[in-house]
Structures are given as C-alpha cells and as structure tokens.
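Understanding the architecture of this molecule
Here is what each chain is made of, one letter per residue.
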Amino acid sequence: MQKMHIQGVDKAISRLIMGTGDLRKLEEPQRMMLDAYIRAGGNTFDTAHQYRNKEVILGQWLEEKQLREKVVILTKGAHHDDGSPGPRVNPQAIRKDLLESLDRLGTEYVDLYALHRDDPDTAVGPIMEELNEHIQASRIRAIGASNWSFGRIQQANEYAASHGLIGFTFSSPNLSLAKPKEPRWEGCVSADADTCAWHGGNQLPLLAWSSQAGGFFSGHFTPDNHENSEMVRVYYSDDNWERYRRAAKLAAEKSVSPIQIALAYVLNQSFPTCAIIGPKNPEELQTSIEAMHIPFTPEELAWLNLEREEAAK
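Residues numbered from 1 in each chain as written. Predicted model: local features only at pLDDT ≥ 70, side-chain atom pairs only at ≥ 80, totals over all residues. Heavy atoms only, no water.

Another point: the overall build of the chain. Looking only at helices and strands, one finds 12 helices and 10 strands in the chain. Taking 2.2 N^0.38 as the reference for a compact globule, 313 residues should give roughly 20 Å; the C-alpha atoms of the chain span a radius of gyration of 19 Å, in line with that estimate. Taking the principal axes of its C-alpha atoms as reference, the chain extends roughly 50 × 45 × 35 Å. Considering the chain as a whole, with its 313 residues, one finds that 54% of them fall into the buried category. For the chain, the share of sequence-separated contacts (at least 6 apart) that also reach a separation of at least 24 residues comes to 76%. When the accessible surface of the chain is summed, it comes to about 13,600 Å², and 51% of that surface belongs to carbon and sulfur atoms. For the chain, the distance from the average site of its 33 positive side-chain charges to the average site of its 43 negative ones is 3 Å. (Helix = DSSP H or I, 4+ residues; strand = E, 2+ residues; numbered from the N terminus. Rg over C-alpha atoms; globule rule 2.2 N^0.38 Å. Buried < 20%, exposed > 50% of the residue type's maximum accessible area, 1.4 Å probe, protein only. Contact = heavy atoms within 4.5 Å. Areas by Shrake-Rupley, 256 points an atom, 1.4 Å probe, with all protein chains shown as cover. Lys, Arg positive; Asp, Glu negative; His and termini not counted. Charge placed at Lys NZ, Arg CZ, Asp CG, Glu CD.)

Here it is in structure tokens:
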C-alpha cells in the first residue's frame, strides 16, 4: 500500500483511504472489509460527525482490535445541515462537533480534522483561531477543508500565516476523471482545472472523495440507461462518455479495467493525492490497490481528461 505524509501527522497515510459510508453495523461484511483493508497495509479511515453512527462503529472496531495508535482517523465537522438548517461554519459548531466526534470515536484526538462544508459569508479568522485552539489542546494533529474553494483555503492560510497560526495542510474536495455537471450534494466542491493548477503550484495534498465518480466507469452505466437519476443528473454528459471511451481504450492497452484507470487518474496527479474508496468486497479492494501502481505519462493524463480539446474550445 503506497503511503504519503501530511504536515502535522507523524504517521504515514495510506493513499487509499477507507470510507465509512457503508459502515452501518459492526458485522459481516463490514467487519470483513475493515480487516481486509488493514491486512492490505491500509491505515487511514474517513468518517464525519454528520455520518453519526459511523463514528461510533469505527471507534468500537478500533478499540476491539487495539488499533487506534496504528491508524489515521480523518473526521469532519460543521456540515450545514447537521442538527440545524443553514450554515454552521462557526467556532461554536466546530467545537460542538469535534468534541462529540471524539466521544463517539472513543479517542482523545483525531489525526486529520476537516470542515465538512464552507460558508463564504463567514470570516476565516475566527475559524482558524478555533481550530488552532484544538491543535494546541492536542485534540487535532492537522486541519484541512472539505468542499472549500482553493481561494478560501488560500485566504485562510494567509490569515494563519500572518497571525502565527497553523494553516490547512490538506484539502478534500471531489476529484475524479468524470466531471460533475452540478454538485452531487448541496455545498459540495469538485476540483476543476484551476483548483488542480493551484494544488500543483503549492503541492497541498488533496484527499479526493467520490474518487471513482460513483462507479461511473464500472460498466454498470450506459448513455441510454437512466435508472439512476442521481448519476444521470451529475455525470451523464457527452464529455464524460468520451472520457469513459478513452478510459476503456487505455485500459485495454494496459490490461486493466476502466474503473482502475479512473482511480489511477486521481493518483497520478502532479500534486500529492489520496483517494477515498468504498469497496464492497475484497476483490474490489484488490483492484483499487492494483490501480495505485498504474503509471501514466503526462500525455496520457491530459488525453484522458480531454485537456487538448478543452483548450481548443
């Protein structure tokens, strides 16, 4: 399992991060997948205060296996509809969500803490001050932003630098080969060309959620199959079907599958990346591990993403 480092965290972080979206009960097959991930060398788990019971189940499993000090926990807070409607990106909500997450997880600290949503009308100063209080109290090792624009991240980090504070050391938007036509969920941010260029310039690690675009490249979807309305709304476009066609062509050349090509695209960026995954069985996990080792040339990466065509428009 390939690993990377994020400033503030003393453990190396798996480039494949195990999501907890399907962690509804601590029984098979969920237990089997958690065990398989650890056996494969993985050590990083993605969860959130907004996922509610998922944090509790993950914490119970880590306690049962005595793994807490061997793994990395990424959890998130300040989601806009977690308990009350409207924006919740403020010091009070951050403190409430973090303390509750720590209690649910049964731990005194989280390695990675991200703000789950943004409220551009809220000044970055009080946010960074609050997060740094928790770093100083050893409740958080590193802070980041999920679904923030790179402009807001830069603004927050400039504030932190000018006030002697620790800034965001990672970002977690959506990044995938298939580009969403509109946000999959309210308040979501996807990494566009400008975002990727910004990450390339400063090398800030990006932890990609929905890295495989909801299974768009799995072969389960076709242009004339409209059974999944969310996939149609978000991903069905001429450009994405062309990306699928190119992924299939490159997959045949490299003797892999299109969905492995899609995951390898995320892991072959010019800046540090991790991919949050949700394999349903050990076979899917193994294909994701294999995808980590698929190399791309810069030309292949650009061709897959239609970059020459976009530049010509």
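This brings us to helix α8 (residues 238-254). Because the α-helix completes a turn every 3.6 residues, residues three or four places apart line up on one side. Here α8 is 17 residues long and its end C-alpha atoms lie 24 Å apart, about the 24 Å a rise of 1.5 Å per residue gives. Taken as a whole, α8 has its buried residues at Asn240, Trp241, Arg243, Tyr244, Arg246, Ala247, Leu250 and Ala251. Just beyond α8, the residue with positive phi is Ser255, at close to 60°. (Expected span 1.5 Å × (residues − 1).)

It is worth spelling out the side chain of Arg184 at this point. Here Arg184 is to be found in the loop between β8 (170-171) and α6 (193-202). A polar side-chain atom of Arg184 sits 3.1 Å from a polar atom in the side chain of Glu230. Dropping the residues within four chain positions of it, Arg184 is found in contact with Ser210, Gly214, Glu230, Arg233, Val234 and Tyr235. (Polar contact = N/O pair within 3.5 Å; in protein donor to acceptor, adjacent residues only side chain to side chain.)

The next point concerns the pattern of salt bridges. Under the definition given, this model contains 19 salt bridges. The residue Lys76 makes a salt bridge to Asp46 at a minimum N-O spacing of 2.6 Å. One end of the pair, Lys76, is in strand β5 (residues 72-77); the other, Asp46, is in strand β4 (residues 44-46), and 30 residues separate them in sequence. According to the relative accessible area criterion, Lys76 is buried, its value standing at 4%. Several salt bridges converge on common partners, so that one network encompasses Glu55, Arg88, Lys96, Asp97, Glu100 and Arg104. (Salt bridge = Lys/Arg side-chain N within 4 Å of Asp/Glu carboxyl O.)

The next subject is unusual backbone geometry. In the Ramachandran plot, Ser210 falls in the positive-phi region, its phi being about 50° despite a non-glycine side chain. Tracing the chain through its elements places Ser210 in the loop between β9 (206-208) and α7 (229-235). When its relative accessible area of 16% is taken as the criterion, Ser210 is described as buried. For Ala213, which is not glycine, the phi torsion reads 50° and is therefore positive. One can find Ala213 in the loop between β9 and α7.

Turning to the packing of aromatic side chains, a few remarks are in order. The relative placement of two aromatic rings is captured by the distance of their centres and the angle of their planes. Per the counting criterion, the structure on display carries 12 aromatic pairs. Centre to centre, the rings of Phe217 and Tyr244 are 5.8 Å apart; their planes meet at 10°, and the pair counts as stacked. Of this pair, Phe217 sits in the loop between β9 and α7 while Tyr244 sits in helix α8; the two residues are 27 residues apart in sequence, bridging distant segments of the chain. Comparing Phe217 with Tyr244, the two get one shared label, buried. On the basis of an interplanar angle of 75° and a centroid distance of 5.0 Å, the ring pair of Tyr236 and Trp241 is categorised as edge-to-face. With respect to burial, Tyr236 and Trp241 carry one shared label: buried. Taken together, the aromatic side chains of Phe216, Phe217, Tyr235, Tyr236, Trp241 and Tyr244 make up a single cluster linked through ring pairs. Above the plane of the ring of Tyr109 lies Arg68, whose end atom (NZ or CZ) is 4.2 Å from the centre. Lying across the ring of Trp148, Arg152 places its NZ or CZ 4.9 Å from the centre. (Phe/Tyr/Trp six-rings, centres within 6.5 Å; stacked < 30°, edge-to-face > 60°. Lys NZ or Arg CZ within 6 Å of the ring centre and 35° of its normal.)

Positionally, Arg104 belongs in helix α3 (residues 91-105). By relative accessible area, which is 23% here, Arg104 ends up partly exposed. Taking C-alpha positions, Arg104 is 8.9 Å from Gln60, a pair spaced 44 residues apart along the chain. Discounting residues that sit within four places of it in the chain, Arg104 has contacts with His49, Arg52, Glu55 and Val56.

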